[in-house]
Amino acid sequence: MDLTNSKLSVAIVYASVSGNTKELAEDLYQILLTKSVELSFYTIEEFSVSDLFHYDAIAIGTYTWGNGDIPREMRNLYHALESISRKDMTTAVFGTGDSCYPRFCGAVDQFRDMLYVHTNLAATLKVELRPQKHDLQRCRKFVDALLLRASTCSYPQVNSAIRQ
Ligand SMILES: Cc1cc2nc3c(=O)[nH]c(=O)nc-3n(C[C@H](O)[C@H](O)[C@H](O)COP(=O)(O)O)c2cc1C
């Protein structure tokens, strides 16, 4: 295998009910499309946790429910990542929330704390409700941080070539 031709494989997996987190996930997807990566895009319903190992980097998107809670449909993924505990897996978490609630984007905070312990967490992004124009720059920074970390984490000999 010619390792110098390998691209990073990146997945976006997200949950959304009313569309805000979906829109944020799509913004990130569009930015990632401009990068030289193999990209996959899933709703949480489409994603199988057994595929977690197929990716160099995973960006997880979640809205927040209840009182700063992780939505029910995201809990399986949360517990799977918690139990695999792989520091060589680069992750990032993003989400939308409503700052009227006392725990703004509490689900993002909970994922962040768990991913920091059990994976190689590269970036966190919280957006107020529907993403706005000014959030695009934050999205670009989020993607850059994710790819930089993944490129230095998974296969250093391959990815130094990618960065050149
Ligand atoms: C019942 C309910 C509880 C919520 N609780 C929180 C919360 O604790 N913290 C927060 O930041 N947002 C909370 N939200 C706001 C949603 O997370 C926010 O509207 C989000 O953008 C929805 O994402 P979606 O459009 O992708 O479904 C709550 C919304 C509802 C309807």
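Everything numeric here is computed off the predicted structure, so don't read it as measured data.

S.K.: Is there a simple way to explain the sheet that holds strand 3 (residues 57–63) in this structure?
M.R.: As a general point, the strands of a sheet are linked pairwise by backbone hydrogen bonds and lie either parallel or antiparallel. Taken in spatial order, the five strands of this open sheet run 2-1-3-4-5, and their pairing is parallel. In this open sheet, the two strands that pair with only one neighbour each are strand 2 (37–43) and strand 5 (119–128). Taking the axes of each pair of neighbouring strands and ignoring which way they run, one obtains an average angle of 15° across the sheet. In this structure, strand 4 (residues 86–97) lies alongside strand 5, joined through nine bridges in parallel fashion. Considered in strand 5, the bridge of Thr90 is made with Asn120.

S.K.: For this particular structure, what's the right way to read the environment of Arg112?
M.R.: Relative to the assigned elements, Arg112 resides in helix 3 (residues 106–118). Remark: the alpha-carbon pair of Arg112 and Val93, spanning 19 residues in sequence, is separated by 6.5 Å. Excluding its chain neighbours within four sequence positions, the residues that come into contact with Arg112 are Val93, Leu121 and Thr124.

S.K.: Would you mind going over the packing of helix 1 (residues 20–33) against helix 4 (residues 135–153) with me for this structure?
M.R.: At their nearest, the axes of helix 1 and helix 4 sit 10 Å apart, and the two run at 60° to each other. Considering the angle they form, helix 1 stands oblique to helix 4. By crossing handedness, the relation of helix 1 to helix 4 is classed as right-handed. Each of Asp27, Leu28, Ile31 and Leu32 in helix 1 lies in contact with helix 4, whose residues at this interface are Leu136, Cys139, Arg140, Phe142 and Val143. Among the residues making up the contact of helix 1 with helix 4, the classes are represented as seven nonpolar, no polar and two charged.

S.K.: Help me out: how do you make sense of the site of the ligand in this one?
M.R.: Inspection of the region around the ligand gives 22 residues, with Ser16, Asn20, Thr21, Tyr63 and Gly97 positioned closest. When contributions to the shell around the ligand are tallied by element, the ones reaching two or more residues are helix 1 and strand 4. By residue class, the composition of the shell around the ligand is seven nonpolar, twelve polar and three charged.

S.K.: Sorry, what's going on with the packing of helix 2 (residues 75–84) against helix 3 here?
M.R.: Helix 3 packs onto helix 2 with a crossing angle of 25° between their chain directions and a minimal axis gap of 8 Å. As far as their axial angle goes, helix 3 and helix 2 are roughly parallel. Crossing of helix 2 against helix 3: the hand is left-handed. Residues Tyr78, Leu81 and Glu82 of helix 2 form the contact with helix 3, whose participating residues are Phe111, Met114, Leu115 and His118.

S.K.: Help me understand helix 1, please; the structure alone is not making it clear to me.
M.R.: In an α-helix, one turn spans 3.6 residues; hence positions three or four apart end up facing the same way. Between its first and last C-alpha, helix 1 extends 20 Å over 14 residues, near the 20 Å set by a 1.5 Å rise per residue. Of the residues making up helix 1, those classed as buried are Asn20, Thr21, Leu24, Ala25, Asp27, Leu28 and Leu32. Mapping the buried residues of helix 1 onto a view down its axis gives an arc of 155°, with all of them on the same face. Seen from the open side of helix 1, the exposed residues pointing more than 90 degrees away from its buried face are Gln30 and Leu33. Of the surrounding elements, those touching the buried residues of helix 1 are strand 1 (8–14), strand 2, strand 3, strand 4, strand 5 and helix 4.

Here is what the cut-offs are and how they apply
- Residues numbered from 1 in each chain as written.
- Predicted model: local features only at pLDDT ≥ 70, side-chain atom pairs only at ≥ 80, totals over all residues.
- Pairing = 2+ DSSP bridges.
- Helix = DSSP H or I, 4+ residues; strand = E, 2+ residues; numbered from the N terminus.
- Axes fitted to C-alpha atoms, helices over the stretch in contact; angles between N-to-C directions.
- Contact = placed C-beta atoms within 7 Å.
- Parallel < 35°, antiparallel > 145°, perpendicular 65-115°, else oblique.
- Left-handed = near helix turned anticlockwise from the far one by under 90°.
- Nonpolar A, V, L, I, M, F, W, Y, C, P; charged D, E, K, R; others polar.
- Near = placed C-beta within 6 Å.
- Expected span 1.5 Å × (residues − 1).
- Buried ≥ 20, exposed ≤ 12 C-beta atoms within 10 Å, placed from the backbone.
- Arc of directions from axis to C-beta.

The values reported here are purely geometric and, on their own, carry no functional implication.
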